[in-house]
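A closer look at the structure
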Amino acid sequence: MNGTPRDIADTVEYWRSIKPEAEAIRVGSRSWTWTEFSERFRRNAAAQSALGLRAGDRIVSYDKNHPFCLETTFACMLTGTTNAVVNFRLAPPEVAYIINDAKASVVLVGHEFLPVLEQIRGELPNVRQVIVVGGEHDEYEAWLAGSEPLTDATPVDEGQTFLQLYTSGTTGFPKGAMLTQ
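Only a predicted model underlies this, so the values are computations on that prediction, with no experimental measurement involved.

**Some details on unusual backbone geometry**
Although it is not a glycine, K103 adopts a positive phi angle of roughly 60°. Structurally, K103 is set in the loop between helix 4 (92-102) and strand 5 (106-110).

**Re the pattern of salt bridges**
Counted by the stated rule, this structure contains seven salt bridges. Close ionic contact of R43 with E39 constitutes a salt bridge, the shortest N to O distance being 3.0 Å. Here R43 and its partner E39 are both found in helix 2 (residues 34-50), four residues apart, which amounts to about one turn of the helix. With relative accessibility at 16%, the residue R43 sits in the buried group. Relative accessible area serves as the criterion here: at 36%, E39 is assigned to the partly exposed category. Note that K64 and E112 form a salt bridge whose closest N and O atoms lie 3.6 Å from each other. Of this pair, K64 sits in the loop between strand 3 (58-62) and helix 3 (67-79) while E112 sits in the loop between strand 5 and helix 5 (114-120), placing them 48 residues apart in sequence.

Calculation criteria
Residues numbered from 1 in each chain as written. Predicted model: local features only at pLDDT ≥ 70, side-chain atom pairs only at ≥ 80, totals over all residues. Heavy atoms only, no water. Helix = DSSP H or I, 4+ residues; strand = E, 2+ residues; numbered from the N terminus. Salt bridge = Lys/Arg side-chain N within 4 Å of Asp/Glu carboxyl O. Buried < 20%, exposed > 50% of the residue type's maximum accessible area, 1.4 Å probe, protein only.

The following block contains the structure:
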(Lines give C-alpha, C1' and ligand atoms only; values in the text may rest on other atoms or scores of the structure.)
Protein backbone atom coordinates (compact mmCIF):
# COMPACT_ATOMS: atom_id res chain seq x y z
CA MET A 1 0.00 0.00 0.00
CA ASN A 2 1.27 3.45 -0.89
CA GLY A 3 0.04 6.83 0.22
CA THR A 4 -2.73 7.83 2.57
CA PRO A 5 -5.22 5.18 3.75
CA ARG A 6 -8.66 5.43 2.10
CA ASP A 7 -10.59 3.74 4.90
CA ILE A 8 -10.12 2.14 8.31
CA ALA A 9 -9.07 -1.25 6.92
CA ASP A 10 -6.47 0.49 4.75
CA THR A 11 -5.04 2.05 7.91
CA VAL A 12 -3.99 -1.39 9.15
CA GLU A 13 -2.40 -2.20 5.81
CA TYR A 14 -0.64 1.15 5.82
CA TRP A 15 0.97 0.46 9.22
CA ARG A 16 1.67 -3.15 8.25
CA SER A 17 3.62 -1.89 5.24
CA ILE A 18 5.60 0.65 7.30
CA LYS A 19 6.09 -1.15 10.64
CA PRO A 20 5.07 -4.80 10.11
CA GLU A 21 6.53 -6.05 13.41
CA ALA A 22 5.46 -3.11 15.58
CA GLU A 23 2.78 -3.75 18.18
CA ALA A 24 -0.70 -2.98 16.86
CA ILE A 25 -2.91 -4.32 19.66
CA ARG A 26 -2.30 -5.26 23.28
CA VAL A 27 -4.76 -6.94 25.62
CA GLY A 28 -3.31 -7.80 28.99
CA SER A 29 -0.02 -9.58 28.39
CA ARG A 30 -0.94 -10.64 24.82
CA SER A 31 -0.10 -8.48 21.81
CA TRP A 32 -0.31 -8.66 18.03
CA THR A 33 1.86 -6.94 15.43
CA TRP A 34 0.40 -5.09 12.46
CA THR A 35 1.21 -8.14 10.33
CA GLU A 36 -0.49 -10.53 12.76
CA PHE A 37 -3.56 -8.32 13.14
CA SER A 38 -3.92 -7.98 9.37
CA GLU A 39 -3.66 -11.75 8.93
CA ARG A 40 -6.20 -12.44 11.69
CA PHE A 41 -8.90 -10.13 10.36
CA ARG A 42 -8.28 -11.37 6.81
CA ARG A 43 -8.70 -14.97 8.05
CA ASN A 44 -11.91 -13.88 9.78
CA ALA A 45 -13.15 -12.43 6.48
CA ALA A 46 -12.35 -15.65 4.62
CA ALA A 47 -14.02 -17.71 7.37
CA GLN A 48 -17.14 -15.54 7.11
CA SER A 49 -17.23 -16.20 3.37
CA ALA A 50 -16.74 -19.94 3.96
CA LEU A 51 -19.85 -19.88 6.18
CA GLY A 52 -21.79 -18.40 3.27
CA LEU A 53 -22.02 -14.86 4.63
CA ARG A 54 -22.38 -12.29 1.87
CA ALA A 55 -22.54 -8.50 1.63
CA GLY A 56 -25.41 -7.21 3.75
CA ASP A 57 -25.47 -10.21 6.12
CA ARG A 58 -25.06 -9.70 9.88
CA ILE A 59 -22.68 -11.43 12.27
CA VAL A 60 -22.98 -10.79 16.03
CA SER A 61 -20.15 -10.24 18.51
CA TYR A 62 -21.29 -10.90 22.08
CA ASP A 63 -18.64 -10.64 24.80
CA LYS A 64 -16.73 -8.19 26.93
CA ASN A 65 -13.94 -6.17 25.32
CA HIS A 66 -12.04 -8.77 23.26
CA PRO A 67 -9.91 -8.50 20.11
CA PHE A 68 -12.21 -10.82 18.14
CA CYS A 69 -14.79 -8.02 17.99
CA LEU A 70 -12.26 -5.69 16.37
CA GLU A 71 -11.05 -8.45 14.05
CA THR A 72 -14.64 -9.16 13.03
CA THR A 73 -15.37 -5.48 12.42
CA PHE A 74 -12.34 -5.13 10.13
CA ALA A 75 -13.26 -8.40 8.39
CA CYS A 76 -16.74 -7.01 7.73
CA MET A 77 -15.17 -4.09 5.89
CA LEU A 78 -13.63 -6.60 3.48
CA THR A 79 -16.68 -8.81 2.96
CA GLY A 80 -19.48 -6.25 3.01
CA THR A 81 -21.03 -7.95 6.05
CA THR A 82 -21.93 -6.12 9.25
CA ASN A 83 -20.75 -6.76 12.81
CA ALA A 84 -23.71 -6.20 15.15
CA VAL A 85 -22.21 -5.83 18.62
CA VAL A 86 -24.27 -6.92 21.64
CA ASN A 87 -23.61 -5.26 24.99
CA PHE A 88 -22.70 -7.96 27.53
CA ARG A 89 -24.58 -6.12 30.29
CA LEU A 90 -28.00 -6.70 28.70
CA ALA A 91 -30.63 -9.09 30.03
CA PRO A 92 -31.33 -12.25 27.99
CA PRO A 93 -34.57 -10.89 26.40
CA GLU A 94 -32.65 -7.80 25.20
CA VAL A 95 -29.84 -9.96 23.80
CA ALA A 96 -32.43 -12.03 21.90
CA TYR A 97 -34.12 -8.86 20.64
CA ILE A 98 -30.86 -7.46 19.22
CA ILE A 99 -29.77 -10.70 17.57
CA ASN A 100 -33.20 -11.03 15.96
CA ASP A 101 -33.41 -7.35 15.02
CA ALA A 102 -30.05 -7.66 13.27
CA LYS A 103 -31.24 -10.88 11.57
CA ALA A 104 -27.83 -12.36 12.38
CA SER A 105 -27.13 -15.87 11.15
CA VAL A 106 -23.79 -16.23 12.97
CA VAL A 107 -22.99 -15.38 16.60
CA LEU A 108 -19.48 -15.15 18.01
CA VAL A 109 -19.93 -15.48 21.76
CA GLY A 110 -17.43 -15.18 24.59
CA HIS A 111 -17.36 -18.40 26.60
CA GLU A 112 -18.67 -16.78 29.78
CA PHE A 113 -21.82 -15.62 27.92
CA LEU A 114 -22.55 -18.98 26.31
CA PRO A 115 -25.05 -19.88 29.09
CA VAL A 116 -27.10 -16.77 28.22
CA LEU A 117 -27.04 -17.65 24.54
CA GLU A 118 -28.04 -21.25 25.30
CA GLN A 119 -30.92 -19.92 27.43
CA ILE A 120 -32.35 -17.91 24.49
CA ARG A 121 -31.24 -20.18 21.62
CA GLY A 122 -34.80 -21.32 20.90
CA GLU A 123 -35.80 -17.69 20.35
CA LEU A 124 -33.20 -17.08 17.61
CA PRO A 125 -34.68 -18.45 14.37
CA ASN A 126 -32.10 -16.86 12.04
CA VAL A 127 -28.98 -18.07 13.89
CA ARG A 128 -27.48 -21.10 12.16
CA GLN A 129 -23.95 -21.00 13.59
CA VAL A 130 -22.59 -20.20 17.06
CA ILE A 131 -18.83 -19.91 17.52
CA VAL A 132 -17.47 -19.89 21.08
CA VAL A 133 -14.55 -17.57 21.76
CA GLY A 134 -12.08 -18.37 24.52
CA GLY A 135 -12.37 -20.71 27.44
CA GLU A 136 -11.96 -24.47 27.51
CA HIS A 137 -13.92 -25.05 24.28
CA ASP A 138 -12.60 -22.17 22.14
CA GLU A 139 -13.83 -22.58 18.56
CA TYR A 140 -12.81 -19.16 17.28
CA GLU A 141 -9.09 -19.84 16.91
CA ALA A 142 -9.80 -23.04 14.93
CA TRP A 143 -12.31 -21.10 12.81
CA LEU A 144 -9.61 -18.58 11.94
CA ALA A 145 -6.93 -21.23 11.39
CA GLY A 146 -9.22 -23.07 8.97
CA SER A 147 -9.09 -20.24 6.44
CA GLU A 148 -6.31 -18.63 4.46
CA PRO A 149 -6.23 -14.83 4.79
CA LEU A 150 -8.57 -13.14 2.31
CA THR A 151 -6.58 -11.26 -0.31
CA ASP A 152 -9.36 -9.75 -2.42
CA ALA A 153 -11.97 -7.64 -0.68
CA THR A 154 -15.57 -7.70 -1.87
CA PRO A 155 -16.25 -4.42 -3.69
CA VAL A 156 -18.47 -2.31 -1.43
CA ASP A 157 -19.65 1.24 -1.72
CA GLU A 158 -19.11 3.86 0.94
CA GLY A 159 -22.75 3.57 2.03
CA GLN A 160 -22.35 -0.12 2.97
CA THR A 161 -22.78 -0.78 6.71
CA PHE A 162 -19.89 -2.59 8.41
CA LEU A 163 -20.73 -1.98 12.10
CA GLN A 164 -24.07 -1.88 13.89
CA LEU A 165 -24.08 -0.63 17.47
CA TYR A 166 -27.24 -0.58 19.57
CA THR A 167 -28.49 2.37 21.60
CA SER A 168 -29.30 1.99 25.28
CA GLY A 169 -33.01 1.71 24.54
CA THR A 170 -34.11 4.31 27.10
CA THR A 171 -37.46 4.75 25.32
CA GLY A 172 -38.02 1.10 24.43
CA PHE A 173 -35.93 -1.61 22.86
CA PRO A 174 -32.44 -0.66 21.64
CA LYS A 175 -32.13 0.65 18.11
CA GLY A 176 -29.35 -0.27 15.73
CA ALA A 177 -27.11 2.66 14.77
CA MET A 178 -25.34 1.73 11.57
CA LEU A 179 -21.85 2.91 10.65
CA THR A 180 -20.93 2.86 6.99
CA GLN A 181 -17.72 2.46 5.06
